[in-house]
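So you can see what is in the structure, the chains are spelled out below.
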Amino acid sequence: MYGTWEELEESIQNCQKCRLCENRKNIVFGEGNKNADIMFIGEGPGADEDIQGLPFVGKAGKLMNMAFEALDIDRSKIYIANIVKCRPPQNRVPQEDEAMACLDYLRNQVILVKPKIIVLMGSTALKNILGNEYGITASRGKWTEKRGIIYIPTWHPAALLRDDTKKINFWKDLKLVLEKADEMNLQIRKDE
Ligand code: URA
């Protein structure tokens, strides 16, 4: 584990730990407030993220931003990262060995950010962080505590693009995050 962001970011620059390095244009390391109280974790970069080197800048990210905007969540106050840092071909789900190879980077990011709350967006984030025994349909919207961090799974924003009916629960889950943040006096809302 690296003790500083500089060391960690440098360590990933030429990463060749898995096959996803072969076709990447950019590593999508993560973005946001490095001292955030609340961290959001997705699956892996898509085409737009691969080109820009930033997480959630494509269609799913735009939908997520719209929900944030409507609920008064300030994206610059949170930290956003993914399970894998390089784009899987055709946006397929990362394979187990790819996720395993990449997880130490994410663990190191969590250690450096020290979030109090982690929002797990989608099944890939849920299973890789809390365990394969968790299913997104049953777990979403429910809090789980592990080693001093509280986790809440929710739909991945890309799932909302495929199925409109999931939007309401994504929205409800974000409201739970806001309520918990207020209760714990954590920073996530836009300044007045
Ligand atoms: N989907 C993800 O899981 N992460 C991104 O950064 C973009 C889309």
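Structure: above.
So, here is what we can say about the structure in this document. This is a predicted model, so every value here is computed, not measured. (Residues numbered from 1 in each chain as written. Predicted model: local features only at pLDDT ≥ 70, side-chain atom pairs only at ≥ 80, totals over all residues. Heavy atoms only, no water.)

### Let's talk about the overall build of the protein chain
So the rule is basically this: Here a helix means four or more residues in a row that DSSP labels H or I, a strand means two or more in a row labelled E, and each is numbered from the N terminus. The size measure is the radius of gyration over C-alpha atoms, and the globule rule it meets is 2.2 Å times the number of residues to the 0.38 power. Working definition: with a 1.4 Å probe on protein chains only, accessible area under 20% of the residue-type maximum means buried, over 50% means exposed, and in between means partly exposed. Contacts between residues were defined by any pair of non-hydrogen atoms, one from each residue, lying within 4.5 Å.
When helices and strands are counted, the protein chain shows 8 helices and 6 strands. The N-to-C order of helical and strand elements in the protein chain reads α-β-β-α-α-β-α-β-α-α-β-β-α-α. For a compact globule of 192 residues, the expected C-alpha radius of gyration is about 16 Å, and the protein chain comes in at 16 Å, within 12% of that figure. Based on the C-alpha atoms only, the size of the protein chain along its principal axes is roughly 40 × 35 × 35 Å. Per-residue burial for the protein chain yields a buried fraction of 53% across its 192 residues. Long-range contacts, defined here as pairs at least 24 residues apart, represent 72% of the contacts in the protein chain between residues at least 6 apart.

### Details of the packing of helix H3 (residues 59-71) against helix H8 (residues 167-184)
Quick note on the threshold: Convention adopted: a line fitted to C-alpha atoms gives each axis, helices being fitted over their contacting stretch, and angles between N-to-C directions are expressed from 0 to 180 degrees. Just so you know how the angles are binned, under 35 degrees is roughly parallel, over 145 roughly antiparallel, 65 to 115 roughly perpendicular, and the rest oblique. It is the rotation of the near helix from the far one that decides the hand of a crossing: anticlockwise by less than a right angle makes it left-handed, clockwise makes it right-handed. In this classification, Asp, Glu, Lys and Arg are treated as charged, Ala, Val, Leu, Ile, Met, Phe, Trp, Tyr, Cys and Pro as nonpolar, and every other residue, Gly included, as polar.
Between H3 and H8, the shortest axis-to-axis distance is 11 Å and the interhelical angle comes to 50°. Put simply, H3 runs oblique to H8. With respect to the hand of their crossing, H3 and H8 are arranged in right-handed fashion. Note on element contacts: H8 touches H3 through Lys167, Phe170, Trp171, Leu174, Lys175 and Leu178, opposite Leu63, Met64, Ala67, Phe68, Ala70 and Leu71. Taken together, the residues that form the contact of H3 with H8 break down as 10 nonpolar, no polar and 2 charged.

### Looking at the site of the ligand
Convention followed: Whether a residue is near a molecule or strand is decided by its heavy atoms; if any one of them lies within 4 Å of it, the residue is near. Counted as a polar contact is a pair of N or O atoms within 3.5 Å, where, for protein atoms, one must be capable of donating a hydrogen and the other of accepting one, and residues adjacent in sequence contribute only when both atoms are in side chains. Using a 1.4 Å probe, accessible areas were evaluated by the Shrake-Rupley method; residue-level cover was limited to the displayed protein chains.
Inspection of the region around the ligand gives Gly42, Glu43, Gly44, Glu49, Pro55, Phe56, Asn82 and His156 as its neighbouring residues. One of the backbone nitrogen or oxygen atoms of Gly44 is found 3.0 Å away from a nitrogen atom of the ligand. Side-chain polar atom of Asn82 to a nitrogen atom of the ligand: 2.8 Å apart, as the coordinates give it. Within the complex, the protein chains bury 92% of what would otherwise be the 240 Å² of accessible surface of the ligand. Of the residues in the shell around the ligand, the class split is 2 nonpolar, 4 polar and 2 charged.

### Some words on the state of the cysteines
Put simply, the rule reads: For the purposes of this analysis, a disulfide is any pair of cysteine sulfur atoms at a distance within 2.5 Å.
Under the criterion given, the structure shown has 0 disulfides. Free cysteine: Cys15, not disulfide-bonded; nearest cysteine sulfur from Cys102 at 6.3 Å.

### Observations concerning the packing of aromatic side chains
Short version of the rule: Each Phe, Tyr or Trp ring, with Trp reduced to its six-membered ring, pairs with another whose centre is within 6.5 Å; inter-plane angles below 30 degrees give stacked pairs, above 60 give edge-to-face pairs, and intermediate values give tilted ones.
Overall, the coordinates contain 3 aromatic pairs when judged by the stated rule. Between the aromatic rings of Trp5 and Phe29, the centroid separation amounts to 6.1 Å while the plane-to-plane angle is 85°, which identifies the pairing as edge-to-face. Pair noted here: Trp5 is in helix H1 (residues 5-12) and Phe29 is in the loop between H1 and strand E1 (31-32), with a separation of 24 residues, a long-range link. Between Phe40 and Phe68 the ring centres are 5.3 Å apart and the planes differ by 70°, which places this aromatic pair in the edge-to-face class. Of the two residues, Phe40 sits in strand E2 (residues 38-42) while Phe68 sits in helix H3, which places them 28 residues apart along the sequence. Of the two residues, Phe40 and Phe68, both sit in the buried class.

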